[in-house]
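# Structural features, examined
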Amino acid sequence: MEATPPAVALPVPVRRGPPIGLRLTLALGLGLVGLSLAAAVAAPVLAPRNPEAADLRARLTPPAWFVGGSPYALGTDAIGRDILSRIIYGARISLTVGLVSVALSSVVGTALGLAAGYYGGWWDEAMMRFADLQLSFPFILFALVVIAVLGPGLGRIIFVLAVTQWASYARLVRSEAIAVKEADYIQAARALGVRDGRIIWRHVLPNALGAVMVLATLSIANNILLEAALTFLGLGVDPAVPSWGGMLADARNYIQTAWWDSTFPGLAIMLTVMGYNLVGDWLRDRLSPDLQ
Amino acid sequence: MTRFVAARAGGAAAVLAAISLFVAFGIRLTGDPAVAMFEGAGAPSVQDVQRMHQAFGTDRPFVVQYGAFAGAALRGNLGTSFRSGEPVSALIAARAGATLALAVGGMVVALAVAFPLGTYAAMHRDALADFLIRVGSLLGLSFPNFWLAIMLILLLAVRVRWFPPSGYSGPASLVLPCLTLGVILASTLVRLVRASLLDTLGQPYIRTARAKGMPERLVIVRHGLRNALLPVVTFIGLQFGGLLGGVVILENVFAWPGLGQLALEAVSYRDYPVVQGVVVVLALGVVAVNLLVDLSYGLLNPRVRVG
């Protein structure tokens, strides 16, 4: 007769469901991301005025709800351009920079990281030395020099961000690849004669994808902040194009007289960035809780 | 251990060499310092520009120029500014204090905010306060630092005139820049303190400490925080490069007489020696801190030493 193990009530940690706050924050995050995307895509439809049209008679007009009789919802800037319309158009710059730079750096970094982690050897060694070098180069100094050489511009700022960030993805993906490449199911696939390319694509990549998605989402937020900061310093996109960082740079001389000029563009940056941060946080909780 | 130190120090030196080469080469592609010199003074003649180049030494091949710069820099001489004729090291020394004050002040604010809040959140996990602290930190993470600076100027220097809006005119000038930098830094730190402390509080020795009747406050401080400190300190060290980015932009917003402003001005004047000097000195600071973190890690955790 078999001895039945004594029924001991192990202190199983009570797994509480996600706090209500978590679902609320996800909804808020998706809402903010959706709003910024809508603004960028449908700018010509949504913007009440031409963002470039200056009206010197209406310069620094306060917002409608602040001073009665103003026809401008969020006021005007120093040469009488409609701030709301410029914010809506500015979403195009921020989101283009955020999404394209992250797409470039994540795809390139993931590909290099997969190759380095899966094959190892001198290629891995060389890649990782190069990644170390890239990661220890302070971003602001790199951006300062590169933009001084190339001049400001949308493409250049995307280039700077992509070049400085591929290494984070490469490192992340490499470590995931190393962790799974000796796993039984991959050994089995190899024994069955499955080609390396297919193993990487079907088995290694999917394992790394969760972590990549988390990093990418949070990087979109970060890159929107970096672009705005560089543009504010005059090292970002062309000052003639409506962008949030550029609007704040223009507004800094009127901070004493026109608070709305420097308040709303910054609010737009903050809300958009917060949207991506909220979604990224939720993804992190879901996909890779160990990722810091 | 000696090999580990040598390898890491060698790596740091290589990074520094690569950065100096990159900067020296890059800045020479941005434009002619001789032409920048004559800006606003009419078109210079060819001879004038030539004489300038001879005086600056910019008529020589790049390899010679870089070699001269690197050789002198290793002996502590960073050259003289094209624009003012002053030694670059003197220009840097005059500005370094302001940058250091900003960085240290910001860090102090960040630690003073992050440790109490992070600890409180960890002790009251999933309670309302924890949720609020986490939301607050996320909000802080989403703030563009320069916009937070502008908003603080708007409220605390323009509305109520408590602090000077910009420039450096005594200790009160430090408040707004350090507050801005500190709040942004604290947003990241607070999450790290919370996560690290939660991790530590799950350890068996914490249960032992509690089981033997140690007061909870002592458990947190003596066993929890002390052990949670390591990842936090590492993170602070590794964040130094990012901190530098914040410092450069905040110096700009607050018209702060520091190294970031010096670099931005020098770039616009094509003042090669100043750009090279400032970038190399700033990079040296970042690389040195990273190296220290790396080495102390190796000292504390022998497993890291391999490779």
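Residues numbered from 1 in each chain as written. Chains lettered and ligands numbered in written order. Predicted model: local features only at pLDDT ≥ 70, side-chain atom pairs only at ≥ 80, totals over all residues. Heavy atoms only, no water.

The subject of this paragraph is the overall build of chain A. Per the secondary structure count, chain A includes ten helices and zero strands. Going from the N terminus to the C terminus, chain A shows its helices and strands as α-α-α-α-α-α-α-α-α-α. Taking the principal axes of its C-alpha atoms as reference, chain A extends roughly 95 × 55 × 30 Å. Per-residue burial for chain A yields a buried fraction of 52% across its 292 residues. For chain A, the proportion of contacts with a sequence separation of at least 24, taken over those separated by at least 6, is 72%. About 14200 Å² of surface is accessible on chain A, with carbon and sulfur atoms providing 65% of the total. Computing the positive centroid from 21 side-chain charges and the negative centroid from 19, chain A places the two 3 Å apart. (Helix = DSSP H or I, 4+ residues; strand = E, 2+ residues; numbered from the N terminus. Buried < 20%, exposed > 50% of the residue type's maximum accessible area, 1.4 Å probe, protein only. Contact = heavy atoms within 4.5 Å. Areas by Shrake-Rupley, 256 points an atom, 1.4 Å probe, with all protein chains shown as cover. Lys, Arg positive; Asp, Glu negative; His and termini not counted. Charge placed at Lys NZ, Arg CZ, Asp CG, Glu CD.)

Turning our attention to the interface of chain A and chain B. Counting residues at the interface gives 40 residues for chain A and 42 residues for chain B. Together, the buried faces of chain A and chain B total about 3700 Å²; carbon and sulfur atoms form 79% of this surface. Three residues stand out in chain A for area buried against chain B, namely Leu141(A), Ile255(A) and Met270(A), and they jointly supply 14% of the buried area on that side. The residue Arg191(B) makes a salt bridge to Asp281(A) at a minimum N-O spacing of 2.6 Å. On the surface where chain A and chain B come into contact, there are five residue pairs in polar contact (both at pLDDT 80 or more). (Buried area = accessible area lost by both parts, 1.4 Å probe. Salt bridge = Lys/Arg side-chain N within 4 Å of Asp/Glu carboxyl O. Polar contact = N/O pair within 3.5 Å; in protein donor to acceptor, adjacent residues only side chain to side chain.)

Now for the confidence of the model for chain B. All names here are of chain B. Across chain B, the average pLDDT comes to 85, with 97% of residues at or above 70. The lowest-confidence element of chain B is helix α2 (residues 33–37), averaging 77 in pLDDT; the highest-confidence one is helix α5 (residues 88–123), averaging 91. Across the predicted assembly, pTM comes out at 0.87 and ipTM at 0.85. (pLDDT = per-residue confidence, 0-100.)

It is worth spelling out empty space enclosed by the protein at this point. Residues and elements named next belong to chain A. Applying the stated rule across the entire model yields three cavities of 30 Å³ or more. Approximately 50 Å³ is the volume attributed to the largest cavity. For the largest cavity, the full set of lining residues is Asp77, Arg81, Arg86, Met247, Asp250, Ala251 and Asp261. (1 Å grid on protein atoms, 1.4 Å probe; cavity = no way out; pocket = protein on both sides within 12 Å on 5 of 7 lines; lining within 4 Å. Points joined across faces, edges and corners; volume = space filled by probe spheres on them.)

Let's shift gears to a nonpolar patch on the surface. All names here are of chain A. Residues Leu37, Leu99, Val100 and Leu104 make up a contiguous nonpolar surface patch of about 280 Å² in total accessible area. Top element by residues in the nonpolar patch is helix α3 (residues 83–119). It accounts for three residues. Position of Leu99 among the secondary structure elements: in helix α3. Classification of Leu99 by relative accessible area gives partly exposed; the value is 35%. (Patch = residues over 30% accessible without salt bridge, like charges linked within 9 Å, V, L, I, M, F, W, Y side chains within 5 Å.)

Once that is clear, we can look at the packing of aromatic side chains. Residues and elements named next belong to chain B. Tallied over the entire structure, the rule returns 15 aromatic pairs over all chains. Each residue in the set Phe25, Phe62, Tyr66 and Phe69 is aromatic and connected to the rest through ring pairs, giving one cluster. Here the guanidinium or amino end of Arg83 rests over the ring plane of Tyr269, the centre of that ring lying 3.7 Å away. (Phe/Tyr/Trp six-rings, centres within 6.5 Å; stacked < 30°, edge-to-face > 60°. Lys NZ or Arg CZ within 6 Å of the ring centre and 35° of its normal.)

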